[in-house]
Every structure is written in structure tokens, then in C-alpha cells.
Amino acid sequence: MRWRGRQGSSNIEDRRGVRFGRAGGIGIGTIVLALIAIYFGQDPSVVLQGVQPSAPTSQEGPYQETPEEAQQREFVGVVLADTEETWGQIFSQAGRTYEQPKLVLFSGAVESACGFAEAAVGPFYCPGDHKVYIDLSFYQELQNRFGAPGDFAQAYVVAHEIGHHVQTLLGISERNMAARQQAGEAEANALSVRQELQADCFAGIWAHNADRSRQLLEQGDIEEGLNAAAAIGDDRLQKQARGYVAPESFTHGSSEQRVRWFKRGYETGSVQACDTFGTNQL
Ligand SMILES: [Zn+2]
């Protein structure tokens, strides 16, 4: 990506200097968190199950970032700024105002309006405070464990979480949450898949705009994004984790579906084209 030298967003909240102590007793739901750690982009209900209602005691000190971390922080800031531009324009064309979300950088663990979360949950969006949370060490994991290297793969992660913010602003998340609470498990999972695939499609819309309007993309970037989308498909993750695939337990969509919806957003740049709830063809 051609991101260097571009203005970063002012909506980055750096909480990497905050350290949590364990105030006695049993661990912090680490097992639950470890189980769901194979995904990024938890949907809100998963995050709510995976976090403590209140955080252990915390201390704040200066955070010493490595040159590599400094570069990643800058990169995330530029991507966030570009999503602000993209969605600001789309919302204003529809006669609405885009409310810019904050992006919280944390290290190890963080307290959000959705509860206390450890880095193992991966990046997530909390609809309760309209913030995206990311521990930059996830990018190492994305490259090494999921086999999805490249700056555009990293940008896709941010753009997907921003997709959940857009869903929240549009009332889609709330409607879907209500529908899921009425549904049985398989149906609730299917609704989660639709929401996740739409966030992938919204990430594609960002890529469309970053490419067409600002020429941020370089050769090979889209392939990096598609590779990342495929790498975190439920089928591939399940196969790696337990050797078989159970489609009714999917909550994010298969590799093929994630690639398809990201591509659709990228090719059309259209919110209407991302109607994963109104189609039988996921
Ligand atoms: Zn997600």
C-alpha cells in the first residue's frame, strides 16, 4: 500500500501503557478467550461471553514501542483516516453524518464497554462504546499463524471492524442481535455469518474507495486481502483446529464466502450490493 507520508487519524486512543493485575481468585475466562481466539472480528455477543464484566486493578505507565510497533501504529492511523474519508463521503451522499469511531490500541488486555478482554480474542468492535480495539501483536499472528502477510491484509482487519461500526450506525447490528436472540443456535449462527460477511463486503467498499479515489493500492494488495479473507474462513480454521468442518457452527462464513463478499464490495463500492441479509446466495 502507498500509505507513507499520509495523514493519520486523530481518533487513535493509545492504551498500551495500561497494565492489569490479577486481583485474586480464578483466572479471567482465559479458556473461553483462547477458544474463540482463532477469529478476529468477534461479533458483539461473542465478545460479551468472552469477557469479564469488570477489569482487575490496573496501572498506567509509559509504553516503550519498538520502531516496528511505531510504524504499525502509524499505518493503522492512516488506514483509519482513510476509512473515515470513505464512510464520511458515503454517509453524506445519503444525507447522513458519519460518526467517526475511536480505535483503541492496547497491549495484553483492555477494558471496554463490552467488558474486559484479553488480546487472545483478537481485534474486536464494541457497539457499546463505538470503539475498535486492537493489540498490534495480532498482526504477527496474522502473518505467522494464519499465513496472511502484507500491509493490505492488516488494513483489511481494520476495515472489517469499521464495517461493524457502520452496521451499528445503520441499526443493522441491533436488529440482527434481536433476531439472533429469538432464534435457535443454528439459525443464530447463520445470522452471525450474514453480519460478518457484510462487514467483509464493507471492508471491500473501503478498498474500492482507497483504490479509485486515492490510489492507495499497489499491485498484489487485493490478493493479500483476499488471501487474508480466505485464511480466516470458518472452514479453514475448523479444519486446522480439529480436522473436520461443521458448517452449522460457522459464525463468520467459509473462506470462499468471505472472499466473495469482500470482492463484491471492492468491485461495486456499493452498500446496496452488500445486502447479505436479503439474499439466499451467500
Ligand atoms: Zn467481524
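Before going further, it helps to spend a moment on the confidence of the model for the protein chain. Looking at the protein chain, the pLDDT average stands at 87 and 88% of residues meet or exceed 70. Within the model, pLDDT remains below 50 along residues 23-50, and this stretch shows 62 contacts once partners closer than five positions in the same chain are excluded.

In this model helix 7 (residues 185-212) runs 41 Å from its N-terminal to its C-terminal C-alpha over 28 residues, within 8% of the 40 Å that 1.5 Å per residue would give. The buried fraction of helix 7 amounts to 23 of the 28 residues, a majority that puts the element mostly inside the structure.

In this structure, F146 sits in the loop between helix 4 (138-144) and helix 5 (151-169). Accessibility expressed as a relative area gives 8% for F146, which makes it buried. When the C-alpha positions of F146 and A228 are compared, they lie 7.8 Å apart, and in sequence the two are 82 residues distant.

We now examine helix 5. The end-to-end C-alpha distance of helix 5 is 27 Å, a good match for the 27 Å that 19 residues give at a rise of 1.5 Å each. A positive phi of about 80° marks G171, the residue just after helix 5.

This next bit is on the nonpolar core. By size, the foremost hydrophobic cluster in this structure holds 58 residues, and its most contacted members are M1, W87, Y139 and W206. Put simply, the parts of the chain that give this core at least two residues each are helix 3 (67-93), strand 4 (102-106), strand 8 (131-134), helix 4, helix 5, helix 7, helix 8 (221-231) and helix 10 (255-268). For M1, the residues in contact, after removing those within four places along its chain, are F75, V79, D151, F152, A155, W206, L216, E218 and D221. Counting nine residues, the second-largest nonpolar core is a separate cluster that includes V104, C114, A117 and C126.

Where a strand is regular, its side chains alternate between the two sheet faces. Looking at chain direction, strand 5 (residues 109-112) and strand 6 (residues 115-118) are connected through four bridges and run antiparallel. Looking across to strand 6, one finds that E111 is bridged to F116. Linking two consecutive strands that pair antiparallel, namely strand 5 and strand 6, is a turn of two residues.

Moving on, we come to the state of the cysteines. For the structure shown, the criterion picks out two disulfides. Disulfide pairing places C201 opposite C274 at an S-S distance of 2.0 Å. Looking down the S-S bond of the C201 and C274 bridge, the torsion is -75°, so its handedness is left-handed. Here C201, found in helix 7, pairs with C274, found in the segment after helix 10; they are 73 residues apart in sequence, far enough to count as distant. Take C274: its relative accessible area is 0%, and that puts it in the buried class. Cysteine pairing in the protein chain follows 1-2, 3-4, where each cysteine in a disulfide is numbered by its order in the sequence.

This paragraph deals with the packing of helix 6 (residues 172-182) against helix 7. Packing of helix 6 against helix 7 brings their axes to within 9 Å, and their N-to-C directions diverge by 165°. Here helix 7 runs roughly antiparallel to helix 6, going by the angle between their axes. The crossing of helix 6 and helix 7 is left-handed. Residues I172, S173, N176, A179 and R180 of helix 6 pack against A188, L191, S192, Q195 and Q198 of helix 7. A class-by-class count of the residues in the contact of helix 6 with helix 7 yields four nonpolar, five polar and one charged.

Conventions and cut-offs
Counting restarts for each chain: residues are numbered from 1 in the order of the written sequence. Given that the model is predicted, a residue must reach a pLDDT of at least 70 before its local features are reported, and side-chain atom pairs must reach 80 or more before they are shown or counted; all residues, however, enter totals for whole chains, interfaces and linings. To obtain the side-chain values, all non-hydrogen atoms of the structure were used and water was disregarded. The predictor reports its confidence for every residue as pLDDT, a score running from 0 up to 100. We call two residues in contact when some of their heavy atoms are within 4.5 Å. Runs of H or I in DSSP of at least four residues are treated as helices and runs of E of at least two as strands, each being numbered from the N terminus. To estimate how far a helix should extend, the number of its residues minus one is multiplied by 1.5 Å. Exposure classes here rest on a 1.4 Å probe applied to the protein chains alone. A residue is buried below 20% of its type maximum, exposed above 50%, and partly exposed in between. By convention a nonpolar core is built from buried Ala, Val, Leu, Ile, Met, Phe, Trp, Tyr and Cys residues, the set being connected through side-chain atoms within 4.5 Å. A pair of strands counts as paired when DSSP detects no fewer than two bridges linking them. In this description, the term disulfide denotes a pair of cysteine sulfurs within 2.5 Å. Working convention: axes come from line fits to C-alpha atoms, limited for helices to the stretch in contact. Angles between N-to-C directions cover 0 to 180 degrees. Orientation labels follow simple angle bins: below 35 degrees gives roughly parallel, above 145 gives roughly antiparallel, 65 to 115 gives roughly perpendicular, and whatever is left gives oblique. Handedness of a helix crossing follows the sense of rotation of the near helix relative to the far helix, less than a right angle counterclockwise being left-handed and clockwise being right-handed. We call Asp, Glu, Lys and Arg charged. Ala, Val, Leu, Ile, Met, Phe, Trp, Tyr, Cys and Pro are nonpolar, and the rest, Gly among them, are polar.

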